[in-house]
Amino acid sequence: MIGDNQIICALASAPGRAGISVIRISGQGSLLVARKICPFLPEQVESHHIYFGRIKSSQEKENVDEVLLSYFSEGKSYTGDESVEISCHGNPLIVEDIISALISNGARMANPGEFTLRAFLNQKIDLVQAESVLTLIESRSKQEAKWALRHLEGGLSQQIKKIEHIFLWALSHLEAEIDFSVENLKVADKKQIQEKIFESIEELKNFEQGFQQGRILKQGFRIALVGQPNSGKSSLFNCLLKEDRAIVTEIPGTTRDVVFGEKTLGGFRIEFFDTAGIRQTQDIIEKIGIEKSHQKIADADLLWLILDGTEKNWELENFLRKNIKPLWIVVNKSDLWKKTQSEDQMKKRVQETFPDFCNEIFFVSAVDAQTEKTLMQSLQEKFLSQTGNFDHALSSLRQFENVRAARECAQRAHELLTNQQGEELISLELKDALRNIHLVLGTVWDDQILDEIFSQFCIGK
Amino acid sequence: MSFAFDIIVVGGGHAGAEACLAAARLGVKTCLISSDISKVSAMSCNPSVGGLAKGHMVREIDVLGGEMGFVADETCIQFKRLNSSKGPAVRGTRMQSDKDKYSARMLEILKQQKNLTLFQGEVKKLLIEQDSCAGVVLADGSVMNSKAVILTNGTFLNAVMHFGLTQQAGGRIGEKASVGLSDQLRELGFAVHRLKTGTPARLHKDSIDWQKLTPEWGDKSFYPFSLRSGTKPKLPQIACYLSRTTEETHNIIRNNLHQSPLFSGIIEGVGPRYCPSIEDKLTRFPERTSHQTFLEPEGLDTDSVYLQGISTSLPPKVQDEFLRTITGLESVKILKYGYAVEYDFFEPTQIWHRLESRPLKHLFLAGQINGTSGYEEAAAQGFIAGVNAAHSILEKPELILGRNEAYIGVLIDDLVTKGTLEPYRMFTSRAEHRLVLREDNTLDRLGKVSQNLGILSSESLEKLTELSEKRGFVSDFIQQTKLYPNEATQTALRYLGTTALLKPVTLEELLRRPEISGKHLEAFGLEKNLSPEVLEPIEIRVKYQGYIDRQLQLIDHAQKFEEMLLPSEIKFSEIRGLSTEEVQKLELRRPRTLGQASRISGVNPSALQAIMIFLKVHRERGNKNERHLSLENPPIIS
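Values in this document were obtained by computation on a predicted structure and should not be read as measured data.

Some thoughts on the overall build of chain A
Phase 1 of the analysis: When you go through chain A residue by residue, the secondary structure sums to 16 helices and 12 strands.
Phase 2 of the analysis: Expressed as a percentage of its 461 residues, the buried residues of chain A come to 43%.
Phase 3 of the analysis: By sequence separation, contacts in chain A at least 24 residues apart represent 67% of the contacts at least 6 residues apart.

Laid out in structure tokens, this is it:
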């Protein structure tokens, strides 16, 4: 059962055939269990040393494999408990043999994430770090891995603790002002407190923006291709991915389901969604597809409105009127319309038709090899080059919600200070802010404020 | 077996007085044993009652039927409402009292109390029968049986006074220590530790150069603690005087630190952080070149003056020297030297919320022996212990006040679940329900409880009922009376300097405007000249309501923990992630909810998460035999 004190083991590397596989064993007594199947171990085993020898499976008493065994003593391992890692050859049969041998000698299978859970319970890592481990393991791009590692090292926690400190400091001064007002203390004046709180608000805002970046790092940058049926979305999609993923025909409404494709750009993962052209239709399948398209559009970080340059009547779909997401206009089929019009003429037409969406206009052709390069380069310049501040990148929606709540409380506290309202009300807001910060860190607040007061002020009536 | 008494209260301090009065008033035969009955409710340290958060408790005791507030009102020689410029929740009443008159007045009340016997004597030990307390044994060996015993020995258990490096057994100058009791309890398995406290020198008023000092008068208006008191103080009001230490004072103290028992390591007990000695202050804040002190006359007819803020345990010779460097004290005559006192206290986590000890039945503990400091903290516990001891005999339900009902509830819950390592004093910041726990609404909070309790005299009860009915009536009136945006209303509003109405509003909604006061509502039909007693709490509630709601939300978050029950069969040693110390503490206290567990000192946040994970898995296994881990709060850890 999770939360017990048993010795747990599991394959720590990816399953399947590989050069080597690593089996991790953790819990008090791990070494004793490992000894039973690793007779080659010397009497004295040292932490952070590697031992080589032949491992035996229990049933057959035959040598199963040649392995490397690393030993980590209590307090010096990832989980904090005594741990052993066995590197064997990457054959699932060998791995299975070793694990079943371990289990028959007293270990049990670990549950998903249990090693990290133990590290958390043993206070080797905090909640933010624990979440980062998952991200690190699941990273699908270099940037994401780099960022997760930064969190694991406690980078984010450090940043958040700075804000925690500001709140605690402000609270200790406000509470001292309330509870020890008769003691003639030199507490910080309200202006000083206000300035500090302002600082924290700015910092929290950075975190909120960072969340967006964090999400992009984690989940990839999402681009939805939208536009009228038969504007060439699918052709462009295939061109971007350099493969024939979406079915392309000349029949409007060919794309029924949302088609997904991904590629990496400058270390980031980019996801493309080819959506069904949105139009009134009686076709049930197409209707479902359109519904799905709407969903993808809602999740996207960037919309590409694909226009057919040869089409006479461009219509702006209703949903785009309310759009607040960044949107690029991509005028497709330039190989055809450029025969009769110049880019300038086309640009003018776009500007007249869509006066609200003319920041970025591209003229491309899905059959042109240059198209992919042009769009990718612009993407890199406009979006991805700015995504560099890893200190402020929150990794989960949970953290984001708490940070936002903390910021809102801090703003109200700031406002109360401006209006010269009572300390007890400002304190209420700051305590709420502090609680939210502690939720990010996974710690619970206790008598910290009083302790802070006594450490700072000379109190004594 | 026949009992001479139902309840014996040992110790006649502030806790003891309230305990024996509450018990006797509930109709059980009670005996107060004190080594010197004439010193009942003595103010051993500062000559005042109340203060921030403490004034709240005095009012709470009063509404429930205690005496402290009434006696303080009767003997008040200076009245002050502290934090009067701050929000209503953090204002606190403090009264300086005539010390001797306070004690004498309380003695008079005790003497007149039916069912109460005052007995001068020394209790040597408890009479134990199996696992319960059955009376006391006196110094002469005689036995007094009772159904319950309340100990309120204050700072007297194994007390040692320190004057410099010289020690003397005793809890107060001229009074013996109480030896034997705490040793007996220790042998019975109670955890007993040492605390320390101190008091400053008392000075002769004629030897002070008052001309050099700044007088500080109390407030002009007088708001008594008690429902029973009149609106005017009975005694003449006096001033206190402000003075300061000088650099010379500090030099003398610094040069003699080696003679302080605190700094030479003789004192092992932990002192209060909020009431440090002057030696402590100089050491911890070396950058300060002067500290303020108030000279407070201890009464109208006494020569004794209390020197607030300068408690010390330096030798008398050094006190002679440094006191004379304080402005106005150049040729001061010292009546009593300051000293530190060390005493035994029982780890308060060994008592239940009803203040009965866990190891020993029918034994109740209250006051400083539970690790608190302050007269008000002691009186509050004394009252609750008195009620619960009586109720245990009368087979009535126990009285436990919630943290959202009273500061007394916060006090006892803190003590019982968190324990304390230093003398515990109440602060408003300890109360998470601070905006609701106000002095002005004490009656609204505790009126019902008091009625059910039935300690208040019928006369007081009538007054209480009348007042709360009146408040109820006015509350309803302003909630139900609607104002319509007609000519007359708009004119009246303009006259009051506020904006016109756009739609109909109730008087309560109008009162929410910052510029509108309760008094202003008289223009719209509210009864004229309502007493502040009636109107003030209503006005404050209306103005605070938005924040009170927010506070409740905040508490609700914490309340989740309060609702997470720990199964009674839970074995903390089996939960991963708990340190040995945490397991010990949890096994000892056996908290019933995660909330209680969270308040136990030394139980870390990570331990709470570990318990939460354990509970979650525990429950899930019970439900569906699933081995999957999922958590809502905190979220999944993979």
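From this point, things continue past the structure.
Comments concerning the pairing of strand E1 (residues 8-11) of chain A
Regular strands place their side chains on alternate faces of the sheet.
Residues and elements named next belong to chain A.
Phase 1 of the analysis: With two bridges joining them, E1 and strand E6 (residues 108-109) adopt parallel strand pairing. Paired with Ile-8 across the strands is Arg-108, a residue of E6.
Phase 2 of the analysis: Bridging between E1 and strand E2 (residues 18-26) involves four bridges; their strand directions are antiparallel. Directly across from Leu-11, in E2, lies its bridge partner Ile-23.
Phase 3 of the analysis: Where E1 hands over to E2, the hairpin turn is made up of six residues, of which Gly-16 adopts a positive phi near 105 degrees.

A look at helix H12 (residues 458-480) of chain B
Phase 1 of the analysis: Between its first and last C-alpha, H12(B) extends 32 Å over 23 residues, near the 33 Å set by a 1.5 Å rise per residue.
Phase 2 of the analysis: Regarding H12(B), the residues found buried are B:Leu464, B:Arg471, B:Val474 and B:Ile478.

What to know about the sheet that holds strand E17 (residues 304-308) of chain B
All names here are of chain B.
Phase 1 of the analysis: Sheet architecture is open: six strands sit in the order E14-E15-E16-E17-E13-E18, paired in antiparallel fashion. Single-partner strands in this sheet number two, and they are strand E14 (214-216) and strand E18 (334-336). Ignoring which end each strand starts from, the neighbouring axes of this sheet average 35 degrees apart.
Phase 2 of the analysis: Strand direction decides the pairing type here: E14 and strand E15 (residues 240-244), joined by three bridges, are antiparallel. Each bridged residue has a counterpart across the sheet, and for Thr-214 the counterpart in E15 is Leu-242.

Considering the packing of helix H2 (residues 54-64) of chain B against helix H9 (residues 375-394) of chain B
All names here are of chain B.
Phase 1 of the analysis: H9 packs onto H2 with a crossing angle of 25 degrees between their chain directions and a minimal axis gap of 9 Å. When the axis of H2 is compared with that of H9, the two are roughly parallel. Both H2 and H9 take part in a crossing whose hand is left-handed. Contacts from Lys-54, Met-57, Val-58, Ile-61 and Leu-64 of H2 reach H9 at Glu-376, Ala-379, Ala-380 and Phe-383.
Phase 2 of the analysis: Among the residues making up the contact of H2 with H9, the classes are represented as seven nonpolar, no polar and two charged.

So, the nonpolar core
Phase 1 of the analysis: Residues B:Ile7, B:Ile8, B:Ala19, B:Ala23, B:Val149, B:Ile150 and B:Tyr407 are the most contacted members of the largest nonpolar core, which totals 168 residues.
Phase 2 of the analysis: Take this core: its biggest share by element is 11 residues, from H9(B).
Phase 3 of the analysis: In this structure, B:Val149 is in contact with B:Ile8, B:Val10, B:Leu126, B:Cys133, B:Gly135, B:Val136, B:His362 and B:Leu363, ignoring residues within four places of it in sequence.
Phase 4 of the analysis: Listed in part, the 43 residues of the second largest apolar core include A:Val33, A:Ile37, A:Ala101 and B:Ala607.

Here we look at the pairing of strand E11 (residues 327-332) of chain A
Residues and elements named next belong to chain A.
Phase 1 of the analysis: Among the six residues in E11, five count as buried, and that is most of the element.
Phase 2 of the analysis: By the bridge criterion, six bridges tie strand E10 (residues 302-308) to E11 in an arrangement that is parallel. By the bridge assignment, Leu-303 is partnered in E11 with Leu-327.
Phase 3 of the analysis: Taken together, the three bridges between E11 and strand E12 (residues 361-363) define a ladder with parallel strand orientation. The residue of E12 that forms the bridge with Val-330 is Phe-362.

Concerning H2(B)
All names here are of chain B.
Phase 1 of the analysis: The buried count for H2 comes to 11 of 11 residues, which makes it a mostly enclosed element.
Phase 2 of the analysis: Here H2 has its buried residues at Lys-54, Gly-55, His-56, Met-57, Val-58, Arg-59, Glu-60, Ile-61, Asp-62, Val-63 and Leu-64.
Phase 3 of the analysis: Of the residues one or two after H2, Gly-65 is the one with positive phi, at around 120 degrees.

A short note on the environment of B:Thr302
Residues and elements named next belong to chain B.
Phase 1 of the analysis: Along the chain, Thr-302 turns up in the loop between strand E16 (292-297) and E17.
Phase 2 of the analysis: Since 17 C-beta atoms lie within 10 Å of it, Thr-302 is described here as partly exposed.
Phase 3 of the analysis: On a C-alpha basis, the gap between Thr-302 and Asp-98 in space is 8.8 Å, while along the polypeptide they are 204 residues apart.

Observations concerning the sheet that holds strand E4 (residues 76-82) of chain B
All names here are of chain B.
Phase 1 of the analysis: Strand order across the open sheet formed by three strands is E3-E5-E4, with antiparallel pairing between neighbours. Both outer strands of the open sheet, strand E3 (48-50) and E4, are each paired with one neighbouring strand and no more. Each adjacent strand pair in this sheet contributes to an overall mean axis angle of 20 degrees, direction not counted.
Phase 2 of the analysis: Bridging between E4 and strand E5 (residues 92-97) involves six bridges; their strand directions are antiparallel. Paired with Phe-79 across the two strands is Met-95, which belongs to E5.
Phase 3 of the analysis: Across the face of the sheet, H2 comes into contact with E3 and E5 while running at roughly 85 degrees to E5.

What about the packing of H2(B) against helix H11 (residues 442-453) of chain B?
Residue and element names in this part refer to chain B.
Phase 1 of the analysis: As a packed pair, H2 and H11 sit with axes 8 Å apart at the nearest point and diverge in direction by 35 degrees. Every pair of crossing elements has a handedness; the one defined by H2 and H11 is right-handed. When H2 is examined against H11, the residues Arg-59, Glu-60, Val-63 and Leu-64 are found in contact with a partner set consisting of Thr-442, Leu-443, Leu-446, Gly-447, Val-449, Ser-450 and Leu-453.
Phase 2 of the analysis: Looking at side-chain class alone, the contact of H2 with H11 contains six nonpolar, three polar and two charged residues.

Thresholds applied
Residues numbered from 1 in each chain as written. Chains lettered and ligands numbered in written order. Predicted model: local features only at pLDDT ≥ 70, side-chain atom pairs only at ≥ 80, totals over all residues. Helix = DSSP H or I, 4+ residues; strand = E, 2+ residues; numbered from the N terminus. Buried ≥ 20, exposed ≤ 12 C-beta atoms within 10 Å, placed from the backbone. Contact = placed C-beta atoms within 7 Å. Pairing = 2+ DSSP bridges. Expected span 1.5 Å × (residues − 1). Axes fitted to C-alpha atoms, helices over the stretch in contact; angles between N-to-C directions. Parallel < 35°, antiparallel > 145°, perpendicular 65-115°, else oblique. Left-handed = near helix turned anticlockwise from the far one by under 90°. Nonpolar A, V, L, I, M, F, W, Y, C, P; charged D, E, K, R; others polar. Core = buried A, V, L, I, M, F, W, Y, C linked by C-beta atoms within 7 Å.

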